[in-house]
Amino acid sequence: MRINFIILLFIFAFPSAIIAQSNSEMGAYYLMRSEALFFNKEINRSLELFNKSLEYMDSIPNSRVAKLGMLLNFEHKKCFEASSYGKSYFEFEKDKSTEEYQYMLKTYDYILKELGTDMEEPARYIEAPINNIQEPFMDNEELDKNTEEFGNSIDELDKGIEELVRDIEELDHNIEKLGRDNEEHKVLMTSIFNEEIVDKRFDSLNNKWINLSRRYEVHIDSIYEFNKYKLAVFSKNNQLGIMDDTGNIIEKPQSYNHFLTYDGYALMLDKQDHPTKIYVYNFKTRQGFVLPEISTFNSNSLHYGKVMLPRANGLIVTYPDNSNNAYVFNVKSKLFVTSDTEREHFLRKLKKNDIIETYKAEQVRVKGRWLTIGSELGAGVYELHEFGNRYGYLNTLDGKVWNEKYYNYLGGFCNGNFELIEGEKRFWMDVDGLKSETNEDENGTYSGDSRFVKREDGIYVIIQNREGKDYLIYGDEALLNQEQFIEAASR
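Residues numbered from 1 in each chain as written. Predicted model: local features only at pLDDT ≥ 70, side-chain atom pairs only at ≥ 80, totals over all residues. Heavy atoms only, no water.

Caption draft 1: Representation of the nonpolar core within the structure. Formed by 25 residues in total, the largest nonpolar core has its most connected members in Phe 50, Met 70, Leu 72 and Met 104. If you list the elements that add at least two residues to this core, you get helix H2 (22-39), helix H3 (43-54), helix H4 (63-75), helix H5 (79-92) and helix H6 (99-114). Beyond its immediate chain neighbours, meaning those up to four positions away, Met 70 contacts Ala 82, Tyr 85, Gly 86, Met 104, Thr 107, Tyr 108 and Ile 111. Of all hydrophobic cores here, the second largest spans 18 residues; its members include Leu 260, Val 307, Ile 316 and Trp 428. (Core = buried A, V, L, I, M, F, W, Y, C linked by side-chain atoms within 4.5 Å. Buried < 20%, exposed > 50% of the residue type's maximum accessible area, 1.4 Å probe, protein only. Helix = DSSP H or I, 4+ residues; strand = E, 2+ residues; numbered from the N terminus. Contact = heavy atoms within 4.5 Å.)

Written as C-alpha cells, this is what we have:
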C-alpha cells in the first residue's frame, strides 16, 4: 500500500509551476508521463520516458526526480544507478519524519546491500515495491468496503482532473508568451493531458467492474444438464447438490458422488458401484429424502446393488446382494411395492392358465426347472432366481421367460415400457419383449436463457442476454457486461 501512496503523490502533487521555457516544459512533460506509466506498472516505458526527461534537465533538480529515478532503476535491477539517484534524494529531502522518507530509506538500504555496501544504520529487508502491491482475495464484507472506496477514489480523481484542467489553462497562458512558434506545442500538450484523463478514468471504472463482478462468481466444480424445471445437479468438493439456473442452491452439497436422473427425478448415490445410501429428489416438487436403508428391506443385504433409472410413476428398482427379491420402492407413496393378490391364489391362477407347470411354497416349475419367484416389476413381470442366483424374468401374461444372460436387468414398468440393461447398453422394452433405443424423458428440455461459462481460473459465471445486452446473473441481481458498463459509466 505504501507504493500506491507514493504513486498517488506523483499524480496529484504535479505542480502548476511549469515554467515558460520550452526545455523546462518538455522535461516536466516527459517526467509526468513517466510517473503515469510507473503508476500503471509499465516499468520499461516509464524508464524510457524518464531518461528522455533528463535530456531537458541540466542536473537532478529535486527529490521528486531523484525518487522516481531510484525506484525505476531498482525495478530494472540497476542497483548502481538506483543508489546514485538515492543519494541525490537524501541530499534534497530534509524532512525525515514522513512515511515516504522511511520507505525510501529502507529501499535504499536494500539497494546498498545488493551492491555489497551497508548503511551506517542498516534497515530491515523489504521486498521490491511493484511486486507487492496486489491485495489478497477479499470476503464479501471487505469487498463492499472496497467497492465504496473505489467510488470515492473516482470522486477524488474527478477533483484531480479539475486541478489538471486549471494547470492546462495556466499552461496556455505561458505558451502564449512564447509566440506563434509554440502553437503546435500547445496543441500537443493539451492533447496529452486529455489522454491522461481518459486513461485514468477508464482504469478506475475497469477496476470497479472487476470488484463488482466478484459478487457474481459461482464457486462450484461442475454443473450438469438443466431440465425443464430449470434445475440441475452440480458438484463441489466431491459432493453433489441441486442448483437453479440463476445460481441459487436449492439442495446443499451432500456426501454423494454419483447420480442418475430421469423422468423428473434425481438419484444421488454415495458411490457408483454397490451404493449403501441413496437420496431421491423430485425436481417438480423440489423435495427430496433418503431411501429406506437396505437392511430394512433385507437384513442379509449389504448394499443396493445395481440401481435402475427412476420412472415418472415413482418406481425405483435396485438389485441388492444376498436377496431373492428386487428392491422395488414407490417414491410417491414412500412404500415398498408388494402384490395385492394373496400368493397362494396367485400361483394357483398361474398354473390354471398354464403359465407354470406347478408350484410349492415360493417356487414354481417352468419348463422343468424349479425357480423362486421374486418381486413384481410391473405389468405382470416377475423376477426369477435359481439356487440363490438371478435366473431371469417371467411374463405372467403370456408365460415367456426372459433369461438373465440376455436380459441382464429390468427397471420399473412405466408408460408402456421397462428400462433394459444389456451389458453396457440401455434399451427400452415393452411387455411383449419389443426393444427400442430411445424413450421420452420427462425431465424435458431446458428453455431458459442462462449460460454457465467456466473461466480459465475454473470459476463459473452465469450470463443472460437481455434486450441484446449480456449481463452477469446471480439470483435476482444483474451486472452489465464489462465493455458496456464502462461505456455507460463514461457518458
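Caption draft 2: Fine view of the pattern of salt bridges. Across all of its chains, the model carries 15 salt bridges by this definition. Between Arg 64 and Glu 35 there is a salt bridge; the shortest N-O distance is 2.6 Å. One end of the pair, Arg 64, is in helix H4; the other, Glu 35, is in helix H2, and 29 residues separate them in sequence. Of the two residues examined, Arg 64 and Glu 35, each falls in the buried class. Arg 451 is the partner of Asp 470 in a salt bridge, and the nearest nitrogen-oxygen pair spans 3.5 Å. With Asp 470 in strand S26 (residues 469-474) and Arg 451 in strand S24 (residues 451-454), the pair connects residues that are 19 residues apart, well separated along the chain. Through salt bridges with shared partners, a single network forms among Glu 217, Arg 455 and Asp 457. (Salt bridge = Lys/Arg side-chain N within 4 Å of Asp/Glu carboxyl O.)

Caption draft 3: Inspection of the sheet that holds strand S23 (residues 435-436) at higher detail. The strand order S20-S21-S22-S23 describes an open sheet built from 4 strands, whose pairing is antiparallel. Since the sheet does not close on itself, it has two edges, and those belong to strand S20 (409-410) and S23, each with one partner. Summarising the sheet, S20 and strand S21 (residues 418-422) pair through 2 bridges and their orientation is antiparallel. When the bridges of S21 are listed, Tyr 409 appears paired with Ile 421. (Pairing = 2+ DSSP bridges.)

Caption draft 4: The arrangement of the sheet that holds strand S6 (residues 258-262) in detail. Pairing within the open sheet is antiparallel, and its 4 strands lie in the order S6-S7-S8-S9. Only two strands of the sheet have a single partner each, and these edge strands are S6 and strand S9 (287-290). Across this sheet, the average inter-strand angle for adjacent strands is 15°, counted without regard to direction. Where strand S7 (residues 265-269) and strand S8 (residues 278-282) come together, 5 bridges link them in antiparallel fashion. When the bridges of S8 are listed, Leu 267 appears paired with Val 280. (Axes fitted to C-alpha atoms, helices over the stretch in contact; angles between N-to-C directions.)

Caption draft 5: Local environment of unusual backbone geometry. Phi angles above zero are rare outside glycine, and Ala 379 is one such case at about 60°. Inspection of the secondary structure puts Ala 379 in the loop between strand S16 (369-378) and strand S17 (381-386). On the accessibility criterion, Ala 379 (27% relative accessible area) is partly exposed. Although it is not a glycine, Glu 467 adopts a positive phi angle of roughly 55°. Residue position: Glu 467 is located in the loop between strand S25 (460-466) and S26. Glu 467 sits in the exposed class, given a relative accessible area of 84%.

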